[in-house]
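Chain residues, written in single-letter form:
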Number of protein chains: 2
Amino acid sequence: MGKDRKIDMVILGLLSHEDLTGYDIKKQIDEAIGFFWKGSFGSIYPALSDMEKNGFIKKLPDKNSSGREKIKYRITKQGKEVLADWLKDEQASNDLKYETLLKLYFGGAEKKEVSIHNIELFEKQIKSDLQILKFYQSNLEKVLDNKEHVHYYLTVTFGIDTYEAYLKWCSKAKKLLNEKC
Amino acid sequence: MGKDRKIDMVILGLLSHEDLTGYDIKKQIDEAIGFFWKGSFGSIYPALSDMEKNGFIKKLPDKNSSGREKIKYRITKQGKEVLADWLKDEQASNDLKYETLLKLYFGGAEKKEVSIHNIELFEKQIKSDLQILKFYQSNLEKVLDNKEHVHYYLTVTFGIDTYEAYLKWCSKAKKLLNEKC
DNA sequence: TTAGTATATATCAAAACGATATATCAAATT
DNA sequence: AATTTGATATATCGTTTTGATATATACTAA
């Protein structure tokens, strides 16, 4: 029955613990799960509209009586079932698209400085993102008695562990390029 | 000028050291760069057709006189310029979509066994992929005098380093779920 | 021989991206 | 007081990409 659109699961997941507008959803995707997931307005708004028709979520009457339009959504019982089914489904696709690695893979014909520079740009970005992740981690460490927080904490440590591995690799990679090329 | 389609760069990169058919390109994407990039036939064939019209690649006359259709492509001088421009362009987007982490992030409402099982499925896949990467690494280690092989080697070590970090995280994550949930 | 797998091209609906348009609101600047 | 900037908020559109399917030949192993 379910069309298995990934953005639907992201939205249902976020709505499962808080009522949110489309804009809120975009912010949470960028901030809370941005280091392992991406989502754009162009997929969020159509998904909200479709899921509302399917009864997985419902619109909440706007209390901001002002002319300003603002639509908060709440997950329904049916929506919670869809989310639970997806969580229990063994299927999971983990897709990465690393343009930095693509450029490195194809960079053998260029001067080594080009590849080294591309690695340094990557390194800079990762260092900056790592700071944010460590900040999240320090906040979550204090509230590990809460089950949901344990789950958030685990995704953050995934980010930190992999980003630290990236940084070590960046040093090794630059060194090897300088030695061998 | 250039529409900056990522699949175009992948194809040009692969064609820059070998003439290939669309099918060959798909195989190389899956095998050589599959651990950090994905690409489907549905994007490859249209891209080949467009780039041939734009003069970035050209069709090679089929020598397999049989009725069987088979089109090999070769990169042109113009295509090499497009590839070089992209390599020197600082812009690079590194996008990941980890459904496993998504399920973990939203898994706080389910029983811990669901999350642990999802981690174990991920762990199994990573262990299997890691074997393949280590095989690639051992082959590339012997030919590091070649500049292009150094570049291939670096992407493979990236995969190995990050996959090993993933595995360490899997153990930690399962342990924490058992302790705290 | 025949079933299954690999090779090979191509297309299509659906999903997602990325950019843009529109508009309100709050805060900072002039 | 007026203006500009940046954040909030919804929505749409062309393009890209996915994932599935269709079609057909070649090779290989039971």
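Residues numbered from 1 in each chain as written. Chains lettered and ligands numbered in written order. Predicted model: local features only at pLDDT ≥ 70, side-chain atom pairs only at ≥ 80, totals over all residues. Heavy atoms only, no water.

Moving on, we get to the protein's contact with DNA strand D. Residues in close proximity to DNA strand D total 22 residues, the closest being A:Lys70, A:Ile71, A:Lys97, B:Arg5 and B:Gly42. Protein-adjacent atoms of DNA strand D, using a 4 Å cutoff, are sugar or phosphate at a proportion of 66%. One nitrogen or oxygen atom from the side chain of A:Lys27 is found 3.5 Å from a phosphate oxygen belonging to DNA strand D. Listing elements by their share of the surface near DNA strand D, those giving two or more residues are helix H2 (22–32) and helix H3 (41–54) of chain A together with helix H1 (6–15) and helix H3 (41–54) of chain B. In terms of residues, the surface near DNA strand D owes the most to one element, H2(A), which gives 4 residues. Its residues assigned to classes, the surface near DNA strand D comprises 5 nonpolar, 7 polar and 10 charged. (Near = heavy atom within 4 Å. Polar contact = N/O pair within 3.5 Å; in protein donor to acceptor, adjacent residues only side chain to side chain. Helix = DSSP H or I, 4+ residues; strand = E, 2+ residues; numbered from the N terminus. Nonpolar A, V, L, I, M, F, W, Y, C, P; charged D, E, K, R; others polar.)

Taken together, the side chains of A:Tyr23, A:Phe41 and A:Tyr45 define a hydrophobic patch exposed on the protein surface, amounting to about 320 Å² of accessible area. By secondary structure assignment, the location of A:Phe41 is in helix H3. (Patch = residues over 30% accessible without salt bridge, like charges linked within 9 Å, V, L, I, M, F, W, Y side chains within 5 Å. Areas by Shrake-Rupley, 256 points an atom, 1.4 Å probe, with all protein chains shown as cover. Salt bridge = Lys/Arg side-chain N within 4 Å of Asp/Glu carboxyl O.)

Accessible area lost upon the coming together of the parts serves often as the stated size of an interface. Counting residues at the interface gives 67 residues for chain A, matched by 67 residues for chain B. Summing both partners gives a buried area of about 7200 Å² for chain A against chain B, and 67% of it is carried by carbon and sulfur. Counting across the chain A and chain B interface gives 6 salt bridges. With a shortest N-O distance of 2.9 Å, B:Lys172 and A:Asp161 are connected by a salt bridge. Linking chain A with chain B are 35 residue pairs in polar contact (both at pLDDT 80 or more), by the criterion used here. Counting only elements with at least two residues in the side of chain A that touches chain B, the list comes to helix H1 (6–15), helix H4 (77–88), strand E3 (94–98), helix H5 (99–105), helix H6 (112–140) and helix H7 (147–180) of chain A. Sort the elements by how many residues they give to the side of chain A that touches chain B and H7(A) lands first, with 20 residues. (Contact = heavy atoms within 4.5 Å. Buried area = accessible area lost by both parts, 1.4 Å probe.)

Counted by the stated rule, this structure contains 30 aromatic pairs over all chains. Consider the rings of B:Phe41 and B:Tyr45, whose centres lie 5.8 Å apart with planes at 25°: the pair is stacked. With a gap of 4 residues between them, B:Phe41 and B:Tyr45 both fall in helix H3, about one helical turn apart. We classify B:Phe41 as partly exposed; its relative accessible area is 34%. Since its relative accessible area comes to 40%, B:Tyr45 is described here as partly exposed. Seen from their ring centres, B:Phe135 and B:Tyr136 are 6.5 Å apart, and the 50° between their planes marks the pair as tilted. With relative accessibility at 27%, the residue B:Tyr136 sits in the partly exposed group. Taken together through their ring pairs, the aromatic side chains of A:Tyr98, A:Phe122, A:Tyr163, A:Tyr166, A:Trp169 and B:Phe158 make up a single cluster. Cation over ring: B:Lys26 sits above B:Phe41, and NZ or CZ is 5.9 Å from the ring centre. (Phe/Tyr/Trp six-rings, centres within 6.5 Å; stacked < 30°, edge-to-face > 60°. Buried < 20%, exposed > 50% of the residue type's maximum accessible area, 1.4 Å probe, protein only. Lys NZ or Arg CZ within 6 Å of the ring centre and 35° of its normal.)

Time to look at the domain arrangement of chain A. Residues and elements named next belong to chain A. As far as domains go, chain A holds domain 1 (6–88) and domain 2 (99–180). Here the C-alpha centre of domain 2 lies 29 Å away from the C-alpha centre of domain 1. Here domain 1 meets domain 2 over a buried area of about 470 Å², counting both sides, of which 64% is carbon and sulfur. For the pair domain 1 and domain 2, the number of links is 0 salt bridges. Taken together, domain 1 and domain 2 are joined by 2 residue pairs in polar contact (both at pLDDT 80 or more). Counted by class, the side of domain 1 that touches domain 2 contains 2 nonpolar, 1 polar and 1 charged residues. (Domains from an automatic or database assignment.)

Residues A:Trp169 and B:Trp169 are the most contacted members of the largest nonpolar core, which totals 110 residues. Sequence-distant contacts of B:Trp169, defined by excluding residues within four places in its chain, comprise A:Leu154, A:Thr157, A:Phe158, A:Asp161, B:Leu101, B:Leu104, B:Ile119 and B:Phe122. (Core = buried A, V, L, I, M, F, W, Y, C linked by side-chain atoms within 4.5 Å.)

The next thing to look at is empty space enclosed by the protein. Taken as a whole, this structure holds 1 cavity of 30 Å³ or more when the rule is applied. If you go around the largest cavity, the residues you meet are A:Phe35, A:Phe158, A:Gly159, A:Thr162, A:Tyr163, A:Tyr166, B:Leu96, B:Tyr98 and B:Tyr166. Elements supplying a minimum of two residues to the lining of the largest cavity: H7 of chain A together with strand E3 (94–98) of chain B. Here the lining of the largest cavity takes 5 residues from H7(A), the largest share from any one element. Across the lining of the largest cavity, the residue classes tally to 7 nonpolar, 2 polar and no charged. (1 Å grid on protein atoms, 1.4 Å probe; cavity = no way out; pocket = protein on both sides within 12 Å on 5 of 7 lines; lining within 4 Å. Points joined across faces, edges and corners; volume = space filled by probe spheres on them.)

Considering only enclosed or pocket space, the largest pocket measures out at about 540 Å³ in volume. Along the walls of the largest pocket sit 25 residues, with A:Asn94, B:Gln125, B:Ile126, B:Asp129 and B:Tyr163 positioned nearest its centre. Of all the elements in the fold, those that place two or more residues in the lining of the largest pocket are E3 of chain A together with helix H2 (22–32), helix H5 (99–105), helix H6 (112–140) and helix H7 (147–180) of chain B. At 10 residues, H6(B) tops the list of elements feeding residues into the lining of the largest pocket. Looking at the lining of the largest pocket, its residues break down into 12 nonpolar, 6 polar and 7 charged. Mapping the lining of the largest pocket onto the domain boundaries places at least three of its residues in each of domain 1 (6–88) and domain 2 (99–180) of chain B.

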